[in-house]
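Examination of the molecular architecture
Each chain, letter by letter, is given below.
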Amino acid sequence: MSLIGAAFLLAGVAGALPGPAAAALAVAGGFALACVRLAWLAGAAAPADHPAPADGPAVTGRSASNGLPAPTARPASNNLPALNDQHAPTDRPVTGRRARRAALSRRVAAFLDAAVLAAGLTVAVLPLSDPAHRLPIALAGLSLTGPLHVAALLRLPGRSRLSGPELVRRTVDVLALGVSLVFAGWMLLPGGPVPAVAATAATGGAVVLAVLTVVAVAERRRRPGAARCHAGAALTIGGLTLLVVLLAYDAPDRALPVVAAPLVAGALLTVAGVRRTSGGERPDRDVASAAWPRLTAPAGIAGLAAGIHLGAAGEFSTGAMALGLAVIPPIMVGELLAAADQRRRVQRLAAREAWLRRRLGPAAGTAGPVLLTRADLVRVMAHRSGGALLVVDLHGTGGAVPDGPVLTEAARRLRAGSETHDLVARLGDTEYAVLTDLGPVLAYALGLRLLAALAEPCPRPGGVVRLEVSVGLAETSGGDPEDVLRQADLARRRAAQLGRDRVEWYDAYLEEQLVRRLDLERELPGAVARGELDLVYQPVVALADRMPVGTEAFLRWRSPALGTVLPAELLPVAADLDLTGEIGRWVLDRACRQLAAWSDGGRELWMAVNVTPRELAAPDFVARTATALAAYDVVPDRLVVEVSEPVVGAELSTVVPRLAGLRSIGVRIALDDFRAEHASLAQLRRLPIDLIKVGPHLVGAGGDGQRPLIDVVANLADRLGVELVVEELESEGQVAGARRAGCRYGQGFALARPATAERVEAWFEEYPSTTR
């Protein structure tokens, strides 16, 4: 869409299209998209439930669709139709502050939708109007768009009242930028008399642009969504102001398309801001915390405009020189205010660090570092220009909490192992921080040294105590102190997750993983009760005639907050939260219900359900399975319980009796992810199984001219009296190879794609009813 708009813009500038028409066409796509999205946000409830969308392979749990691209429509009858994964909101009652925030976000979206629509219509009607009426139309659009933006921006959530000094500093910043923009507009306007409309629009637009820009930059970290809304408003109003100036000067039509770029960018940035605010503002940690460039920005704008004017006109008028000199006072006042703030801040931090060093120095004796507040450490860090922060967490063997004498000895070792100028602080019962001036390499070496010192046995009456240590490390240079502390703590958590007794550096990917994990842990409890789980199904076919003989059920979590979550990501979290049993019961019940529905339609298929060893270990698993089959009157041998061969080996003593119990009630067993290794072949005879599922890698030719491994496995399966299913078949060549090897069944994209029950039923209609 952006390329098409750029093409129209270039066509208008080159004269291939009339300027007004080119401008209208260039903004049409972007504004239509922005208006539709804002209208959707204005009408959507805040945290909404989403119905389970149709599915594709991008959300499969394993095997047949692990990591493969999303399905697309294919004309061939052996593929399911393309699946639309769009989520439409549905209403869910919300109360209290959440409801008020949702209503406020909808009102903001409605105002901004009207503002964007007004700006878009202003440009859209230009090619339809008489040239004499275009300037009044542009003025009307600017007069309507501006108040709508103001009404929306004043209602953005999270706006706080500025203190007196902050208000003064922000006012000075606005004055400096505003005067520089007015001067730049004056310099860039054509020579000769200035139309009153152009002068008024340019001056007013420069002031509004200065206000919006300063607010956007000031809020870009604390309220990133609001900052984007302000920046979008600045671009939109700036584009309309430019349009008014061009029309006031009777600029040639080919100049009009240049307004398209700021207008479209402003509309799309507004949409991005509203989307961010509608979900609740959170500080953007990826944005640097540098202050507004109060010297370089106004001076740079004024200097650039003066240079362009001097090159074109060769001299400055008296009024221009006076206006240029007017840029200097607010810049100087802003710099003086900034210098005074910095001087007071440095004095406070220096005094605070000196106090902390007296408290934490040798005079503190053997009691170790004093307990400081997640605030004292941050104040000291803000005074440092470089170095690293180490967060150290201590664990007793077996997860026991170390007692007082052990912690005192640990604190002494931390101080003894640290550098002379390092600051050691106690953050919690078993958590310490070391703030060092060392660079990354030496700081990591310090972490290893502290790790070794703390890992040494601590003598105690009646024996010794060994500590397990997790150390997280983050660089302090150029970062916000609170963010650095958070980053070091995230790295410490990672070290603990990886088995402790290690040092871990912070990086952005680490944070992404940990934050994602925390989100999953927060949202997963209650997902079953909220109706957020879903199953999709991939047909299994007979390779001889490609008739469907069964399906495999794949679990999806349709989270309104996190989107569709795969079992590979979902199940480890469920295991840690002890939710595996609850989710497994839901899957078994839903699969049996769907199997009964298909059986009632006269189609005799099997349904494969994946089960983890933890589920199998439950004492009531066999009885629960029998109850589910009886509840839906499902013939037991239509249900296939799949277990993964790699994890079965470690749980063989527990798994075998449960599988035998399932077979005793008629349920069939499939061994999934069979690897065809020596150990796998040896234990195959010990497992009570009916089907073996293998990947397509066994279909290729064997090494050193040997026959394909699939032939070996097929022979073995034949001798054991079990059926062979080749899964993840993605090409006709793999399908042909599996069929030549004598494999009876196949599964994969080359045969049929995973989909919702309704789409699978539609696919079944292409085939007559089949038996197993």
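Each remark here, short or long, concerns the structure printed above.
This text gives an overview of the structure that appears in the document.

With that settled, consider unusual backbone geometry. Positive phi outside glycine occurs at Asp578, with the angle close to 60°. With respect to the helices and strands, Asp578 occurs in the loop between α17 (567–576) and α18 (580–600). Classification of Asp578 as exposed rests on a relative accessible area of 64%. You will see that Asp633, though not glycine, has its phi angle at about 55°, which is positive.

Let's shift gears to the side chain of Gln538. As for its placement among the helices and strands, Gln538 is situated in strand β8 (residues 533–542). The class for Gln538 is buried, based on a relative accessible area of 0%. A distance of 3.1 Å separates polar atoms of two side chains, one belonging to Gln538 and the other to Gln747.

Attention now moves to the pattern of salt bridges. Scanning the entire structure with this criterion turns up 26 salt bridges. The salt bridge involving Asp489 is made with Arg492; its shortest N-O contact spans 2.8 Å. Of this pair, Asp489 and Arg492 both sit in helix α15 (residues 481–497), 3 residues apart, roughly one helical turn. A single burial state applies to Asp489 and to Arg492, both of which are buried. Where Asp534 meets Arg558, a salt bridge forms, and the shortest distance between an N and an O atom there is 3.2 Å. Residue Asp534 is found in strand β8, and its partner Arg558 is found in strand β9 (residues 548–559); the two are separated by 24 residues along the sequence. Residue classification places Arg558 among the buried positions, given a relative accessible area of 3%. Among the ionic contacts, a cluster of salt bridges with common partners joins Asp393, Glu431, Asp489, Arg492 and Arg493.

Rules of the game
- Residues numbered from 1 in each chain as written.
- Predicted model: local features only at pLDDT ≥ 70, side-chain atom pairs only at ≥ 80, totals over all residues.
- Heavy atoms only, no water.
- Helix = DSSP H or I, 4+ residues; strand = E, 2+ residues; numbered from the N terminus.
- Buried < 20%, exposed > 50% of the residue type's maximum accessible area, 1.4 Å probe, protein only.
- Polar contact = N/O pair within 3.5 Å; in protein donor to acceptor, adjacent residues only side chain to side chain.
- Salt bridge = Lys/Arg side-chain N within 4 Å of Asp/Glu carboxyl O.

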